[in-house]
Amino acid sequence: MASSSSVFEVESGPADAGVPDARGRFGAFGGQYVPETLMAAVHRLDEAYIAARQDRAFWRELDHYLRTYAGRPSPLYFAARLTERLGGAKIYLKREDLNHTGAHKINNTLGQALLTRRMGKKRIIAETGAGQHGVATATAAACFGLECVVYMGAEDVRRQKLNVFRMELLGTHVVPVETGQKTLKDAINEAMRDWMATSDNTHYVIGSVMGPHPFPMIVRDFQSIIGRETRVQVLAAEGRLPDYLVACVGGGSNAAGMFAPFANDHSVRMIGVEAGGEGVGTGLHAATLAAGLPGVLHGMFTYVLQDEDGQTLPVHSCSAGLDYPGVGPEHAFWKDSGRAEYHAADDGEALRAFTLLSETEGIIPALEPAHAVAHVVKLAPTLPKDRIIVINLSGRGDKDVVEAARLLGRHIG
Amino acid sequence: MTQNRIDANFQALQARGGKALVPYVTAGYPDLATTGLLLRRLDALGVPLIEIGIPFSDSIADGPVIQGSFHRVLAGGFRVADLFATVRAARPGLSAALVAMVSMSLVRRPGVSEFAQRCAESGFDGLIVPDIPLEESPEVLDAAHKAGLRCIMLVAPTTPDARREQIARASEGFVYQVAVRGITGERDALPDDIAEFVRALRAVSRLPVCVGFGIGTPQQVRAVCDVADGAIVGTAVVRRISEAIDAGHSPDAIAESVTQFVDELWKEVAAA
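Residues numbered from 1 in each chain as written. Chains lettered and ligands numbered in written order. Predicted model: local features only at pLDDT ≥ 70, side-chain atom pairs only at ≥ 80, totals over all residues. Heavy atoms only, no water.

1. A word on the packing of aromatic side chains
All names here are of chain A. Under the defined criterion, the tally for this structure stands at 16 aromatic pairs over all chains. Each member of the aromatic cluster is reached from another via a ring pair, and the members are Tyr 49, Phe 58, Trp 59 and Phe 222. Over the ring of Phe 78 we find Lys 90; its NZ or CZ atom is 5.5 Å from the centre of that ring. Looking at Lys 335, its charged tip hangs above the ring of Tyr 303, at a distance of 5.5 Å from the centre. (Phe/Tyr/Trp six-rings, centres within 6.5 Å; stacked < 30°, edge-to-face > 60°. Lys NZ or Arg CZ within 6 Å of the ring centre and 35° of its normal.)

2. A closer look at the confidence of the model for chain B
Of the residues in chain B, 99% have a pLDDT of 70 or more, and the chain-wide mean is 97. Note on the complex model: pTM 0.97, ipTM 0.97. (pLDDT = per-residue confidence, 0-100.)

3. Quick notes on a nonpolar patch on the surface
Taken together, Ile 364, Val 401, Val 402 and Ile 412 of chain A make up a surface patch of nonpolar side chains, about 340 Å² in accessible area. Within the secondary structure layout, Val 402 of chain A lies in helix H16 (residues 401-407). (Patch = residues over 30% accessible without salt bridge, like charges linked within 9 Å, V, L, I, M, F, W, Y side chains within 5 Å. Areas by Shrake-Rupley, 256 points an atom, 1.4 Å probe, with all protein chains shown as cover. Salt bridge = Lys/Arg side-chain N within 4 Å of Asp/Glu carboxyl O. Helix = DSSP H or I, 4+ residues; strand = E, 2+ residues; numbered from the N terminus.)

4. Concerning the sheet that holds strand S9 (residues 244-248) of chain A
All names here are of chain A. Spatially, the six strands line up as an open sheet ordered S3-S4-S14-S9-S10-S13, and their pairing is mixed. The open sheet terminates on both sides in strands that have one partner only, identified here as strand S3 (76-78) and strand S13 (340-346). Sheet twist, expressed as the average angle between the axes of neighbouring strands with direction ignored, equals 25°. Taken together, the seven bridges between strand S10 (residues 269-277) and S13 define a ladder with parallel strand orientation. (Pairing = 2+ DSSP bridges. Axes fitted to C-alpha atoms, helices over the stretch in contact; angles between N-to-C directions.)

5. So, the environment of Ala 44 of chain B
All names here are of chain B. Along the polypeptide, Ala 44 turns up in helix H2 (residues 32-45). Judged by its relative accessible area of 66%, Ala 44 falls in the exposed class. In sequence terms Ala 44 and Val 87 are 43 residues apart; their C-alpha atoms lie 16 Å from each other. (Buried < 20%, exposed > 50% of the residue type's maximum accessible area, 1.4 Å probe, protein only.)

6. Regarding the packing of helix H10 (residues 218-227) of chain B against helix H12 (residues 251-269) of chain B
All names here are of chain B. Running from N to C, H10 and H12 cross one another at 30°; their axes reach a closest spacing of 9 Å. With respect to their mutual orientation, H10 and H12 come out roughly parallel. The two elements H10 and H12 cross, and the hand of that crossing is right-handed. Two secondary-structure elements touch here, H10 through Pro 218, Val 221, Arg 222 and Cys 225 and H12 through Glu 264, Leu 265, Glu 268 and Val 269. Of the residues contributing to the contact of H10 with H12, the split by class is five nonpolar, no polar and three charged. (Parallel < 35°, antiparallel > 145°, perpendicular 65-115°, else oblique. Left-handed = near helix turned anticlockwise from the far one by under 90°. Contact = heavy atoms within 4.5 Å. Nonpolar A, V, L, I, M, F, W, Y, C, P; charged D, E, K, R; others polar.)

7. Quick word on the packing of helix H1 (residues 36-53) of chain A against helix H8 (residues 184-198) of chain A
Residues and elements named next belong to chain A. Between H1 and H8, the least distance of the axes is 9 Å, while the angle of their chain directions is 80°. In terms of axis orientation, H1 runs roughly perpendicular to H8. For the pair H1 and H8, the contacting residues are Thr 37, Leu 38, Ala 41 and Val 42 in the first and Met 192, Trp 195 and Met 196 in the second.

8. Observations concerning the pattern of salt bridges
As enumerated under the stated definition, the model contains 48 salt bridges over all chains in all. For Asp 58 of chain B, the salt bridge goes to Lys 185 of chain A, with nearest N and O atoms at 2.8 Å. Of the two residues, Asp 58 of chain B is situated in the loop between strand S2 (49-53) and helix H3 (64-75) and Lys 185 of chain A in helix H8; the pairing between them involves two chains. Exposure remark for Lys 185 of chain A: the relative accessible area of 4% places this residue in the buried category. Here Glu 368 of chain A makes a salt bridge to Lys 399 of chain A, at a shortest N to O gap of 2.8 Å. With a gap of 31 residues between them, Glu 368 of chain A in helix H15 (residues 367-379) and Lys 399 of chain A in the loop between strand S14 (388-393) and H16 connect regions that are remote in the sequence. Per residue, the accessibility class of Glu 368 of chain A equals that of Lys 399 of chain A, and both read buried. The network of salt bridges with common partners includes Arg 53, Arg 220, Asp 221 and Glu 330 of chain A.

9. Description of unusual backbone geometry
Between His 213 of chain A and Pro 214 of chain A the backbone carries a cis peptide bond, its omega angle lying at 10°. Examined against the element boundaries, Pro 214 of chain A turns out to sit in the loop between strand S8 (202-204) and helix H9 (215-223). Of note, the amide linkage connecting Tyr 29 of chain B to Pro 30 of chain B takes the cis form, showing an omega dihedral of 0°. With respect to the helices, strands and loops of the structure, Pro 30 of chain B is situated in the loop between strand S1 (20-26) and H2.

10. Focus on the interface of chain B and chain A
Counting residues at the interface gives 37 residues for chain B, matched by 36 residues for chain A. When the two sides are added together, the surface that chain B and chain A hide from each other amounts to roughly 3,100 Å², 50% of it contributed by carbon and sulfur. Area buried by chain B at its contact with chain A is led by Ile 60, Arg 109 and Glu 136 of chain B, which between them contribute 24% of it. Counting across the interface, chain B meets chain A through five salt bridges. Where chain B meets chain A, there are 26 residue pairs in polar contact (both at pLDDT 80 or more). (Buried area = accessible area lost by both parts, 1.4 Å probe. Polar contact = N/O pair within 3.5 Å; in protein donor to acceptor, adjacent residues only side chain to side chain.)

11. What to know about the sheet that holds strand S3 (residues 97-101) of chain B
All names here are of chain B. Spatial ordering of the open sheet is given by S5-S4-S3-S2-S1-S9-S8-S7-S6, a layout of nine strands whose pairing is parallel. Edge positions in the sheet fall to strand S5 (150-151) and strand S6 (153-155), since each has one partner strand and no second. Running over the sheet, helix H1 (residues 5-15) touches S1, S2, S3, strand S4 (126-128), S5 and strand S8 (209-212) and is turned about 125° from S3. Strands in contact with H3 are S1 and S2; relative to S1, the strand with the most contacts, it is inclined by about 40°.

12. Some remarks on the side chain of Arg 95 of chain A
Within the fold, Arg 95 of chain A resides in strand S4 (residues 90-95). Sequence-distant contacts of Arg 95 of chain A, that is, excluding residues within four places in its chain, are made with Ser 74, Pro 75, Tyr 77, Ile 363 and Leu 393 of chain A.

13. Quick word on the nonpolar core
Where a protein is soluble and globular, its nonpolar side chains tend to be buried together. In this structure, Ile 52, Phe 124 and Tyr 176 of chain B are the most contacted members of the largest nonpolar core, which totals 198 residues. Top element by residues in this core is H12 of chain B. It accounts for eight residues. Setting aside residues no more than four positions away along its own chain, Tyr 176 of chain B makes contact with Glu 51, Met 101, Ile 128, Ile 152, Met 153, Leu 154, Val 155, Cys 210, Gly 212, Phe 213 and Ile 232 of chain B. Grouped together as the second largest cluster of nonpolar side chains are 25 residues, Leu 82, Ile 271, Ala 353 and Leu 379 of chain A included. (Core = buried A, V, L, I, M, F, W, Y, C linked by side-chain atoms within 4.5 Å.)

14. Side note on the pairing of S2 of chain B
Residue and element names in this part refer to chain B. Across the five residues of S2, five count as buried, placing the element largely inside the fold. The side-chain alternation of S2 yields two buried faces, one formed by Leu 49, Glu 51 and Gly 53 and the other by Ile 50 and Ile 52. Two strands pair when backbone bridges link them, and S1 and S2 are joined in this way by three bridges, in the parallel orientation. Directly across from Thr 26, in S2, lies its bridge partner Gly 53. With H2 bridging S1 and the parallel S2, this β-α-β connection has right-handed handedness. In the sheet, S2 pairs with S3 via five bridges, with the strands oriented parallel. Bridge pairing links Ile 50 to Leu 98 in S3. (Right-handed = clockwise from strand over helix to strand, strands pointing away.)

15. Some remarks on H8 of chain A
In this model H8 of chain A runs 21 Å from its N-terminal to its C-terminal C-alpha over 15 residues, within 8% of the 21 Å that 1.5 Å per residue would give. When you tally the buried positions in H8 of chain A, you get 13 out of 15 residues, the bulk of the element. (Expected span 1.5 Å × (residues − 1).)

The structure is reproduced here in C-alpha cells:
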C-alpha cells in the first residue's frame, strides 16, 4: 500500500490496526452483547469475513465496484479559499461527498453486499436514521439483485420523505418503526429483531462501526479505503503526512475509515467531532464520547449516553446522521488510549460552517461533516501556515437544504 | 447458608412429580404497587418461580407486547432502586423463587457485582441476562455466585451441539431453552423441534430445563411440560396486564385477571 504512487493504484483491504482481538475487543471495548439466538449468525459472519479478509479476489472484486460503480477514488481537494479565510493551517477536503449516493456509506454497503453474496444469502436488512445508509443499502441491493428491507424510525420517515421515496424507487421495502423514540436507535433494535428470526437467509448490513463483533471491524475495514487513498494523495500533494485528520462522529464510520490507516503514524493527530446539539451542558446533544459513560447498547460495550440506571437517553442534533446515543467501540478505545481526541460542535457552529464552506468553496456539505468543518474553523487559525489538516467531507448537503433553510429562517416551500 | 429457593422449589416440585409454570411480569407495570400485589397473588397459586422483567429502553430480544410495557413503565419514571424496595417488602410473604430478567446495560451501570448484591439483598434468587452470551458471561456468573444468586443461561434453537453443552455447564438453577427462532411473543403453533432440544440438553445436564418464548396457551404449556421441567409464559401474561390497564381496571382487578389466567396454565402442570 505504501508503495502506491498513484491514488488509482490504491486497493481496498483490511485495516492494519492491531485491533480488535479474536473476541472482538478494542482494549476494554466492543464484544458481543447479543441474545444467544443471534450468536450462531454472528459466528458464521465472523468466519465468512475472516475468509474474505484474506482473499485478494474478494478485495479485487470490491475495488472493481468501488471504481466503476461508486466512482472511487474520491479527490483530495486543497481548499485554498477556506484556508485563506481562516488564515492558518492548510486545509484539504477528502471528497467522499462525490461518491455515488452522495456519501461514504456506499463503501460499506457494496462490501457487505459482496459478503452477503459470498455467504449465499439472498436478503439484506438495514437500519437508517436520516436515510443515507438506507439509500446506500437499497442501492447495493439493486446492484446485486438482493431483496432488501430497511427499518426506519416513524419520526424519521416523516422527516425524510425524499429518502424514503428514493429507497422505494430502488426496490426496497421501508418499514416505519413505531417503538421507543421512533428514531435511529429504535430502527437498529428492530433490525436486530428481524435478524433474530431470519439470519438463515438474511444478512444485516449494519451502517456504522458499531454493533456486536465482527461488525465494527468489518465496517471499519470497508471504510478504510478513505484513509488509504488520503495517505497516497496527501503524500503526492505535500510530500509528507498530514498533521491533523478531522472527521465527524455519530456511530463513527467515516472517522474510523479515515483514521484507521493512520493509527500507527503517531505524528498524525486524529480528531473526532461529535454533535453538540444545543450545547453539551443542555442535555440536548449527541456527544457520546464527551458526556457518555461506558455501558452496553446494541451488542457492544462502549460509551453510551445513559441515565443513572443504564437507560438510554434521548439525543438531539440538527444532523440526523449524528443523532445516536452510542459510538463505535474503536473510538471508545482511541479516546481512552489517547490516540484520538474528541470534541463537540453545536448546531449553530455546524450551520455557520455549512454556510461558510458553501460560500468559500462552492461545496455544500452535509450537516454531519459540517460539524468537522466547524471544528476546523476554530482549530486552523491557531496553527502555523505550514501545518496540514485533512477534513473528511463525508457527504454532500443536497439532503439537508430544506432543513438548513428552516434553521436559517428561510422558506423554500 | 440456606439453600437457594430456585433449587429448593425445583426439588420439591420434582419430588411430587410436578412441573413448573413460570409466569413473567414486567416490573412496575402499571405501577410498583400492582407489581407487589401480583407477586403475592401469583405466589398464592403455588407457582414455584416468578420471573420479573426489568424494563430497558432498548431490549433487543423482546416483541411488541413486552417492549410496549417497558416503554410505558419507563415513561412513568421507573427506577430500578424502587423495584428493589418493592421486592424487599414483598419477599418475606412469598414462597416462590424470584428471578430477575434484566439487560446488561442495567447490570453494568452500578457495576456487575454491585447489581448482583442489590438483587440478592432485595430478595431475588436468580438472574437472567438475555444479552450476555457465553463469551461475555464470566463476570456475571462470578458476581451472581458471590451474591448467592443463580445465573440462568439461555440455549437457542440456533445453538450448535458443542456450545449447548458449554452453556448448560455454565448455567445455574435451571437451563432456559428458547423455543422459537426470534423474539418474545405468542405464536399460534410452536416448532416441532422443542422436544429434540430438551432431550439434547438432558443428555449433557442434570439441571431442570424450562422452555420459554412463544408459549401462551394451556395446550402449549402442557405440550412443553410433557418434555421439559417447566414452561415460562411472558407475553401472554403481560398482554393481559395491558388489556386490563386499557380497560381502566383497578390494580385489584388487573391482578385478578392475570391470576385467573396463570391459574388456568398452572392447573395444566401442577401435580395434585
